[in-house]
Every structure is written in C-alpha cells, then in structure tokens.
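Each chain is listed here by its residues.
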Amino acid sequence: MKGLGKRVTVAFLSVVALLTVSGVISLFELSNLSADTGKVLTMSGSEMKVAKGLLSAAYNHNRAMIDVAILGDEAQKMACGKAAKAIDSQITSARKGASAAVVASLDSLAKVAVQLQQLADGYSSVVKVKVAEATMGNGADSLGAKPAVKSAATAVVEVVEQPVDGKKWFKENYEPAYNHFLKLVDHYSTVAETELAPHTEQLSNNAYRSVMPVLISLAVMIAIVLMLYYFLYIYAVKPIVGINKALSDYLSFKLPYKTKVTMIDEVKSLNDNIEHLINASKSNLKQE
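Residues numbered from 1 in each chain as written. Predicted model: local features only at pLDDT ≥ 70, side-chain atom pairs only at ≥ 80, totals over all residues. Heavy atoms only, no water.

Peer 1: Which residues make up the pattern of salt bridges, and what values go with them?
Peer 2: Under the counting rule described, the total for this entry stands at five salt bridges. The partner of R95 in a salt bridge is D107, with the nearest N and O atoms 2.5 Å apart. In this pair, R95 sits in helix α2 (residues 77–95) while D107 sits in helix α3 (residues 100–122), placing the two residues twelve residues apart along the sequence. Using a relative accessible area of 30% as the deciding quantity, one classes D107 as partly exposed. D272 is the salt-bridge partner of K268, the closest N and O atoms lying 3.3 Å from each other. In this pair, K268 and D272 both sit in helix α6 (residues 265–287), four residues apart, roughly one turn of the helix. Taking relative accessible area as the criterion, D272 reaches 33% and is therefore assigned partly exposed. (Salt bridge = Lys/Arg side-chain N within 4 Å of Asp/Glu carboxyl O. Helix = DSSP H or I, 4+ residues; strand = E, 2+ residues; numbered from the N terminus. Buried < 20%, exposed > 50% of the residue type's maximum accessible area, 1.4 Å probe, protein only.)

Quick look at the structure:
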C-alpha cells in the first residue's frame, strides 16, 4: 500500500472498525445481562412476595385462633378458614414453574397448613367427660330374700360437659404446629434463594463478557494510537521538520540542501522535488 493519505486513512478506519465491533458486542452482552438481571429480580421478588404472603396469612390464622381459644370468640373460626384459603392460594401460585426442591418445600407447608386448619375446626370450648359409671340390676328384696329370677345387669354412664382450658390447649396443640409452619416458610425462602445461585452465577458471567470486549478494544486502541503516533512522527512529522530545517539553512546561509531523514511516499517525493527545484535554480543562476 502506497500513499501517506491511504496509510493514515486505513489506520483511523481500523480504530473506528474496532470500536464499532466492540460496541456491538458490548451492547449484545449488555442486553443479555439486562435480561438475566430482570429474570433474577423477578424470581427474587416473587419468592419474597410468596414468603410475605404466607407469613401474613399464618399470622392472621394465629391471631384468629387466639381469639377463639383464649378469648372465647368462636365466631373467629371463619377468619381461620379465610386465612387457610389464603395460605393455600399462595402455595398454589408458588408451585407454577418451581423446581422440584421448591415444590417439595411447598408440599410440606401445605401439610402443616392443613393441620393448622384441622386444629381450628376441631377446637371446642367444652368437652364431654365421663364422670361416673354404675351397674344396676335386680337384687335382694327388703326382707333379704333372693329373687327367683335374675335380670341382666345394666351399665349406666354419666357424661357431663366441662370447659376446656383454651390457653393450655393453644400452647400444647396449636402453637407447636404454628411455629413449625414458620420454620417451613423460612426453609422455603432458603431453598428458593439457593435456586437463584445458578442464575446469579450466569449474571456474573454475562457481566464479565459484556465488559471484556470494551477492555480488549481499549487496550488494542491504545496500542494502535501509539503505533500511529510513532509512524506519523517517523514518516511525517520528522521528515517535514528535516525538510524545513534544510530549506531554512539553504535560504539563510546558502548551505547545501541535504536532509538526513528516512522518507517514504509523498514526503520523499516532496523532498526530491524541493531538491530538484534548488538544483534547477542553481543551474539557472550559473547560466545567467
């Protein structure tokens, strides 16, 4: 390739092409990074929403059961049923698209939620208790004579209703199941967070890939600019400075026009033309 203009044009176009390619690659990787980030944020937000919904519904169920067992408000059993339906709804929505580990955790939550509602449905403020049992039949008469015919014995059981200690029942029956449910919600959050680990790693890889083209192009661009500076200085700036000095010495001190600089292309042609012009001028002066 000859011509200083072509060399400079190719050099700068190479820099432009490199920046364009690296920019396109970076935009593509940034698009992937944005998609993966959105996916991770969506999954994390969905997991947090489900966990929050489960805890809120469980709290409502617990609060309603306190009203029923401790405060004696049997009407709050309806609130327990409403809270149980909310828990079931949250678990059903969380199962969609979930992994096997998350589904197993949700199944455990569903079982304990059913136990909580069964406890609520089965609770009663009174309980029937057997307090006495007796056997009745034909015995001796008032004179002490034994009856001629004996009849079958009849068992009589007396059952009465006694109030239930709601606070004790709540502490011994409901509270353990409720605490177990809270632990399972925490376990579900941990499992769901673990499922995000591969996506987080992929996110890190995409971020690395989106940055690397820019770094590589930056390093190559710096190298190209330094090379461009070197070649421009060697083959353009330095020869022009040499030509200018030699020409100034000739015009000022009548020194022979002589440059000691390596030249190529148009710069060499310019130097040759100047030297030819000076020689022609000297020849004309001698002829006159």
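After that view, the rundown keeps rolling.
Peer 1: Summarise helix α4 (residues 166–195); cite the residues concerned and give the values.
Peer 2: Compared with an ideal rise of 1.5 Å per residue, which puts 30 residues at 44 Å, α4 spans 42 Å between its outermost C-alpha atoms and is within 8% of the ideal. By the largest-angle criterion, Y174 marks the main kink of α4, which is about 40°, and a proline, P176, follows within four residues. (Expected span 1.5 Å × (residues − 1). Bend = angle between axes of the 7 residues up to and from the residue.)

Peer 1: Let's hear about the packing of aromatic side chains: which residues, and what values?
Peer 2: One pass over the structure, following the stated rule, counts six aromatic pairs. Summarising the aromatic geometry, the rings of Y123 and W169 are spaced 4.6 Å apart at their centres and angled 50° between planes, so their arrangement reads as tilted. In this pair, Y123 sits in the loop between α3 and β1 (126–136) while W169 sits in helix α4, placing the two residues 46 residues apart along the sequence. For the pair Y123 and W169, a shared accessibility class is recorded, and that class is buried. Between Y230 and F231, the aromatic rings sit 5.3 Å apart at their centres with planes inclined by 70°, giving edge-to-face as the arrangement. (Phe/Tyr/Trp six-rings, centres within 6.5 Å; stacked < 30°, edge-to-face > 60°.)

Peer 1: Outline the layout of surface pockets, listing residues and values.
Peer 2: The volume enclosed by the largest pocket comes to roughly 360 Å³. Along the wall of the largest pocket there are 16 residues; nearest its centre are M43, S46, A94, K96 and A98. Within the residue set of the lining of the largest pocket, elements represented by two or more residues are α1 (4–69), α2 and α4. Of the residues belonging to the lining of the largest pocket, the class tally is eight nonpolar, four polar and four charged. (1 Å grid on protein atoms, 1.4 Å probe; cavity = no way out; pocket = protein on both sides within 12 Å on 5 of 7 lines; lining within 4 Å. Points joined across faces, edges and corners; volume = space filled by probe spheres on them. Nonpolar A, V, L, I, M, F, W, Y, C, P; charged D, E, K, R; others polar.)

Peer 1: Quick one: what's the story with the nonpolar core, residue by residue and with numbers?
Peer 2: Side chains of nonpolar character tend, in soluble globular proteins, to be buried together. Judged by nonpolar contacts, the single largest core of 32 residues is most densely connected at L54, M65, L109 and F181. For this core, the secondary-structure elements that each account for two or more residues are α1, α2, α3 and α4. Ranked by residue count, the leading element in this core is α4, at ten residues. Grouped together as the second largest cluster of nonpolar side chains are eight residues, I243, Y250, Y257 and I274 included. (Core = buried A, V, L, I, M, F, W, Y, C linked by side-chain atoms within 4.5 Å.)

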